[in-house]
Amino acid sequence: MTDPGEAHATEDGPFVGKAVFKNSEEAPCHVVYSDPVNDFAIMRFDATRLKFIKLEEIPLAPERARVGIAVRIPGSDNGEKLAVLSGIIARIDRPAPNYGSGKYSDFNTFYIQASANTSGGSSGSPVIDIDGNAVALNAGGTSHAASSFFLPLERVKHALDLIIDEKSVERLGLPSDYEKAFRSKNPDLHGILGIKTIVPSSPAFERLRVGDLILSLNGERVNHHVELAEVFDSSVGSSVDLEVFRDKKVLKIEGLQVQDLFAIIPSRFLEIGETILHPLSYNLARQYLHPVSPGAPIFLADAGEIFGIAGIPHLTIITALNHKPTPTLDDFINVATTLKQGQRVPVRYYSLSKKNVELVKIILWETRWSRFRIGERKVDLPPELAPAEFLLFNTLRNDYQRLSSLAVNTLCFVGTRISFGTDGHNGRYASGVGVVVDETIGLVVADRHTNLPVQRITKSHKRLRAGDELSYVTLNANTHIPRVQSSRVKNVLVGNQYKHEIPKDLPKIQSIDIEFSEVYYSKAKILRNGEETDVEVPLSVLDGTPEKRFVHWAGLILQPPHRALYFNAKRLPKGVFIALLRLGSPAQRDGVSACWFITEVDGKRTPDLETFLQLAEGEEWRSNVSFVNSETKEWAEPEVTSKASDDDPTPPESRGSQTVRLTVESLEHVVKVLTVEVSDISRVFWPTWTTLPRLSS
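What counts and how
Residues numbered from 1 in each chain as written. Predicted model: local features only at pLDDT ≥ 70, side-chain atom pairs only at ≥ 80, totals over all residues. Heavy atoms only, no water. Helix = DSSP H or I, 4+ residues; strand = E, 2+ residues; numbered from the N terminus. Buried < 20%, exposed > 50% of the residue type's maximum accessible area, 1.4 Å probe, protein only. Contact = heavy atoms within 4.5 Å. Areas by Shrake-Rupley, 256 points an atom, 1.4 Å probe, with all protein chains shown as cover. Pairing = 2+ DSSP bridges. Arc of directions from axis to C-beta. Core = buried A, V, L, I, M, F, W, Y, C linked by side-chain atoms within 4.5 Å. Axes fitted to C-alpha atoms, helices over the stretch in contact; angles between N-to-C directions. Salt bridge = Lys/Arg side-chain N within 4 Å of Asp/Glu carboxyl O.

Looking only at helices and strands, one finds 11 helices and 39 strands in the protein. Out of the 697 residues in the protein, the part that is buried amounts to 36%. Once local pairs closer than 6 in sequence are excluded, the contacts in the protein between residues at least 24 apart make up 57%. Surface accessibility of the protein: about 42900 Å² in total, with carbon and sulfur atoms responsible for 51%.

Quick look at the structure:
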């Protein structure tokens, strides 16, 4: 006897199952047919194993399915032993449902839809009409509505009739004589090779089709990938002859060119900081069905800072840079070497997933914090400040327009680009509105030199009171046009005021490093130890200048602990702080995490960056470490103090592999010991550099 079920319940692997009946009798069953296209399978069980239940057949009548008829769906709905649901067929031409990537989804068939609200456990249940005929097979449903999806029974009935008549079932497939020949050739294999995808512009694109079954290659039967690879590998640069089965016909494909895959696999890449570009690889071209040729097109593997801040994601193809086509990597390099530091450059690109939609965005060419390299070659680009742009507005009689006109030259839009994350900030771009406090030397909320025709804002010394009317003036982040909004003062909090004249250097500020919050009188009843206490708090002197002491080592950005950390922990580990971990670096590979502290190197304490460099790079670390000027962002190569000698013929630049044992500690004082291996190859991609002042050796 046979029983139709669902292919996604049996799948294509080994199947061990049993049929459980209403009276709890069981019989082992096995798959006799699993359809390669539609979501159904046919299983056989031994009826002689059943002693008590009386079996009855349900006739299959696919022609009786039509819109408007009432149906019943018996089955184990949502785990129930037996449940019967009802519904009315609403559609017989619904597209096959898509259950998501990586899950079994039907194709090449219409589905029947009804509002039956079936759920898990009813897959494979018959859909029965009022006369007791099965008109469809329950296949799935949606969790967001009452809709149920049924598989039509035409192909199920066709396969079932052939099996009952002991005939083979062919589904767009091979004639039986070919199948016998392949089975006798390789009895352990259960199929032949078919074409799944074809890369556009490849030699096979115009001559083969998806779905072709390979019958022979150069006159020999092949149905194993090893056999296929042996013929192709020995025929690179020449041609092969194929015999394929297509549309129930045997076709001969003669003189098919075999391409050298190494010619279309990227052999070099361009690095601009964290931005990585290279020719599109064969594997990605195959996955996205994109044309590929030697050296082209240009693929953005990692957006990094330059492209990422502009909103250009990875997995995109760059077609033009600065209005010039870039079909190959050499074309991109030729255009890139003409760009100036700080130049705004248009980039034309499209995503691999949307090849027909080209977009254009503006990038800011920034190479000061990172070198421009292809392989071991680097191109130094001279730094240059970008010119500022500004807008002027006419004064109008409207009060809001008058305030806008008065304030426009005292406000500026401040955008910050961050080359790498420090002080707990890992964002690439931050923006806001600045107030000009000194137009002569260009001081705004954050120190910044500017060439805008600005004027200093006039500060009011009037004490604010509740109910006073204020006008809030700011700039639109997109248009840079002033905006004005009126409001009234609700509450006034007065804090300490520091009065000083702005000297040439930034002012010194005294801080007690305490974060305050407002406490209402109703809650301000608890004193320390029940009494008022005088506490002497030491003052910290701050000069407002950012910390510019950084070290890059093995993909780690290291710095001294910044002030914000002291507000998050009672006691900080004594070591250097890991501000950032670069993806793909030796440190990431060996398990180092960001926001930890390196307290020891090879068992020796590392209280500061200089000690860390001395332990990690050796006593003569200045000979191995590049220096970066934190003001001009210019690179200075290491001081080479020694040359190869007869006793040590190894040149200084070849240092071999080095394993460093790090003791790291978290803010919660969890301690781990890790080993990081740094080789000559990793030093090329993750060189050690520092912004520490360069001292003579």
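Still to come is the rest of the account.
This part is about the pairing of strand β13 (residues 239–246). Most of β13 is tucked away, with six of its eight residues classed as buried. The pairing of strand β11 (residues 213–217) with β13 spans four bridges and is antiparallel. Its bridge partner lying in β13, S216 is registered against E243. In sequence, β13 turns back onto strand β14 (residues 249–257) through a hairpin of two residues, with D247 there showing a positive phi of about 50 degrees.

Within helix α2 (residues 154–164), the full set of buried residues consists of V156, A159, L160, L162 and I163. With its buried residues spanning 165 degrees around the axis, α2 presents them on a single face. E166 sits one or two positions beyond α2 and adopts a positive phi of about 60 degrees.

Here we take up the nonpolar core. Membership of the largest hydrophobic core comes to 26 residues, with the highest contact counts inside it found for W553, L556, L558, V592, I598, F612 and L662. Going through the elements one at a time, β30 (551–553), β31 (556–559), β32 (576–581), β33 (597–601), α10 (609–617), β37 (658–665) and β38 (671–678) are the ones with two or more residues in this core. The greatest single-element share of this core, amounting to four residues, is contributed by α10. Contact partners of L556, with chain neighbours within four places excluded, come to V551, I578, L580, L581, A587, V592 and I598.

Further remarks concern the sheet that holds strand β12 (residues 220–221). Taken together, four strands build an open sheet; the order of strands is β12-β11-β13-β14 and the sheet is antiparallel. The open sheet has two edge strands with one neighbour each: β12 and β14. Contacting β11, β12 and β13, helix α4 (residues 225–233) runs over the sheet at an angle of about 55 degrees to β11.

Further remarks concern the pattern of salt bridges. Within this structure, the stated rule accounts for 14 salt bridges. Residue D129 pairs with R64 through a salt bridge whose shortest N-O separation is 2.8 Å. In this pair, D129 sits in the loop between β8 (126–128) and β9 (134–141) while R64 sits in the loop between β4 (41–45) and β5 (70–75), placing the two residues 65 residues apart along the sequence. When its relative accessible area of 9% is taken as the criterion, D129 is described as buried. Taking the shortest distance from any N to any O, the salt bridge between D590 and R589 comes out at 2.9 Å. By relative accessible area, which is 51% here, R589 ends up exposed.

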